Amino acid sequence: MRLNGVVSATPPILEIRGLRKSFHHVEVLRGIDLSVAPQELVFIIGPSGSGKSTLLRCCNRLEEPTGGSIRVDGVDIMARSTDINAMRRRIGMVFQSFNLYPHMTALGNVALALVKVLRRPRKEAERVALAALDRVGLSEKAAAYPAELSGGQQQRVAIARALALEPKLMLFDEPTSALDPELVGSVLNVMRELKRGGMTMLVVSHEMRFARDAADRVIFLDHGAIVEEGPPEQIFSQPERTRTRAFIADIAR
Amino acid sequence: MEFHSAFLEAFFKWELIQRYFPAIMKGVGVTIEIAAAVVFTGICAGLALAVIRAFRARSINVVIVLFADAFRALPPLVLVLLVYFGLPNLGINLPSFAVLWIVLSLVLAAFCEEIFWAGILSIAKGQWEAARSTGLTFVATLAYVVLPQAVRLAVPPITNRTIAITKNTALGTVIGVGEILNQATTAQSFSGNATPLMMGAIAYVILFIPVVVLGRFIETRFRWRRA
């Protein structure tokens, strides 16, 4: 199944070709081509309704693409022969609204997939889960329920939940948009740590300062198509397209 | 003073209390048996139907919805009579105890299915997405993430509905199930006095007040802040 695994020296972790997605008769994505190399952090920006979240959600088929192809770690995730559940555990996802399981402790949230998907024994799963919580600085909150945690802590637990499965790629869907301003920093610091550790990341976010100092590449999406892409200095300081310039001016206010 | 003794004579005649106490107690036993059986099968069947409905197979769901609507709409007494007098014509002869148990279980199942289903629907889409994004299957997500939350939400309404349906065990009297009311009405027709009926009423109160109190306890125990 690894059709593309040995073609080049560093094959991309994520390779999207001609991706299209329509909801009823509205075309939200109109042919997206995007490659993300190992250890790369790619930032997606764009006005609301531009298709950023849909693009991200197509990458693990939470949304079913209408057309095109998506390869993750060389595997065509659209192929009928592909076990999407097996692929999803290699693609971590972090949501705007955290989506922690309220009836489980932080440790339970992180350990669930280790036990039920990877079939690890409970003891071992909890050890791995605790290590993941430690990576996001929350091992002392292992026994806390989500309702007892701040938004920033909940989001870090959510990151640990994805991290514990040792994904090849992490998708972040506006991870700080639901947070109070003073809590944003702690989540971004965890993401910086991940970047330093060599995680491949695709991030939809409005945190422009974070994008400037952490992103390898910024993609500007508008009306379901990539308008412009490049290193952050270029996109933020010398955007070539009028639409990009207008958007950057809007968010810089 | 005159009325006072007439009242005691009509509802609390000591001699009749002594004579019919064993019969009423026998009725209490039968009522407890049916009630326990109905609660168990009704809630389990309701949960099973709600889980089946979660798979969203169109044709199956149409049947479940029709069943739930019909059994919630019909008065249980109609169902009891229909089954008891109808089935023998099909060559199926069930004891009256079984008829009452099956009918009340189906009625409770119909209500529980709707309550559990409402609980399942009320779980945010993000819970499903988070679980599926870690590789959990649909069934695993339902079992470990959605149902534990949905069942918790369903406990208070299920408790109320269970108490309401369990009281319908008294309908067994019309088809000769020897439960409390049946024993009481039989004794009343032999003695020509309402004392056995009063005994039955008191037995119901003694039996169901702990259930109502337990229900209230379970409700407060399971009321829980959502994140």
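Residues numbered from 1 in each chain as written. Chains lettered and ligands numbered in written order. Predicted model: local features only at pLDDT ≥ 70, side-chain atom pairs only at ≥ 80, totals over all residues. Heavy atoms only, no water.

Enquirer: Describe the nonpolar core, naming the residues involved and giving the relevant values.
Expert: Counting residues in each nonpolar core, the largest one holds 94 residues, and the members touching the most others are Ile45(A), Ile159(A), Met170(A) and Leu202(A). Of the residues forming this core, the biggest block, eight residues, is contributed by helix 3 (residues 106-116) of chain A. Leaving out residues up to four positions away in the same chain, Leu202(A) has contacts with Leu14(A), Leu34(A), Val36(A), Val42(A), Ile44(A), Leu56(A), Cys59(A), Leu169(A), Met170(A), Leu171(A) and Phe172(A). Listed in part, the 35 residues of the second largest apolar core include Val30(B), Ile34(B), Ala54(B) and Ile175(B). (Core = buried A, V, L, I, M, F, W, Y, C linked by side-chain atoms within 4.5 Å. Buried < 20%, exposed > 50% of the residue type's maximum accessible area, 1.4 Å probe, protein only. Helix = DSSP H or I, 4+ residues; strand = E, 2+ residues; numbered from the N terminus. Contact = heavy atoms within 4.5 Å.)

Enquirer: A description of the interface of chain B and chain A should follow, citing residues and the corresponding values.
Expert: Every contact between the two is made by 19 residues of chain B and, on the other side, 23 residues of chain A. Considering only the side of chain B, the residues that lose the most area to chain A are Ser133(B), Thr134(B) and Tyr144(B), jointly responsible for 28% of the buried surface there. Counting across the chain B and chain A interface gives one salt bridge. Across the salt bridge formed by Glu129(B) and Arg57(A), the nearest N and O atoms sit 2.7 Å from each other. For the pair chain B and chain A, the number of links is five residue pairs in polar contact (both at pLDDT 80 or more). (Buried area = accessible area lost by both parts, 1.4 Å probe. Salt bridge = Lys/Arg side-chain N within 4 Å of Asp/Glu carboxyl O. Polar contact = N/O pair within 3.5 Å; in protein donor to acceptor, adjacent residues only side chain to side chain.)

Enquirer: Explain helix 2 (residues 14-54) of chain B to me, using residue names and the numbers behind them.
Expert: Residue and element names in this part refer to chain B. Along its 41 residues, helix 2 runs 57 Å from first to last C-alpha, staying within 8% of the 60 Å computed at 1.5 Å per residue. Bending of helix 2 peaks at approximately 50 degrees at the position of Tyr 20, with proline Pro 22 no more than four residues after it. After helix 2 finishes, the residue Arg 56 shows a positive phi value of roughly 50 degrees. (Expected span 1.5 Å × (residues − 1). Bend = angle between axes of the 7 residues up to and from the residue.)

Enquirer: Describe the state of the cysteines, and please don't skip the residues or the numbers.
Expert: Residues and elements named next belong to chain A. The full count for this structure, using the stated rule, is zero disulfides over all chains. Looking at Cys 58, it has no disulfide partner, and the nearest cysteine sulfur is the one in Cys 59, 7.0 Å off. For Cys 58, a relative accessible area of 0% puts it in the buried group. Since its relative accessible area comes to 0%, Cys 59 is described here as buried. (Disulfide = S-S within 2.5 Å.)

Enquirer: Can you tell me about helix 6 (residues 125-133) of chain B, naming the residues and giving the values?
Expert: Of all nine residues in helix 6 of chain B, seven are buried, a share of seventy percent or more. Within helix 6 of chain B, burial applies to Gly126(B), Gln127(B), Trp128(B), Glu129(B), Ala130(B), Ala131(B) and Ser133(B). Packing partners of the buried residues in helix 6 of chain B comprise helix 1 (52-58), helix 2 (84-88), strand 6 (91-94) and helix 5 (151-163) of chain A together with helix 7 (138-166) of chain B.

Enquirer: Please give an account of unusual backbone geometry that cites residues and values.
Expert: Residue and element names in this part refer to chain A. In this model, Asp 73 sits at a positive phi of 55 degrees, which is unusual for a non-glycine residue. Within the secondary structure, Asp 73 is located in the loop between strand 4 (67-72) and strand 5 (75-76). For Asp 73, a relative accessible area of 14% gives the class buried. For Glu 166, which is not glycine, the phi torsion reads 50 degrees and is therefore positive.

Enquirer: Go over the sheet that holds strand 9 (residues 217-222) of chain A with me, naming the residues and quoting the values.
Expert: All names here are of chain A. On the basis of which strands lie adjacent, the open sheet formed by six strands has the order 6-7-8-3-9-10 and mixed pairing. Each edge of the sheet is formed by a strand with only one pairing partner; in this case those strands are strand 6 and strand 10 (225-230). Averaged over neighbouring strand pairs, the angle between their axes works out to 20 degrees when direction is ignored. In the sheet, strand 3 (residues 41-45) pairs with strand 8 (residues 200-204) via four bridges, with the strands oriented parallel. Within strand 8, the residue paired with Leu 41 across the bridge is Met 201. Taken strand by strand, helix 5 contacts strand 6 and strand 7 (169-173), and its axis lies near 170 degrees from that of strand 6. In the packing of helix 6 (residues 181-196) onto the sheet, contacts are made with strand 3, strand 7 and strand 8, and the angle to strand 8 comes to roughly 150 degrees. (Pairing = 2+ DSSP bridges. Axes fitted to C-alpha atoms, helices over the stretch in contact; angles between N-to-C directions.)

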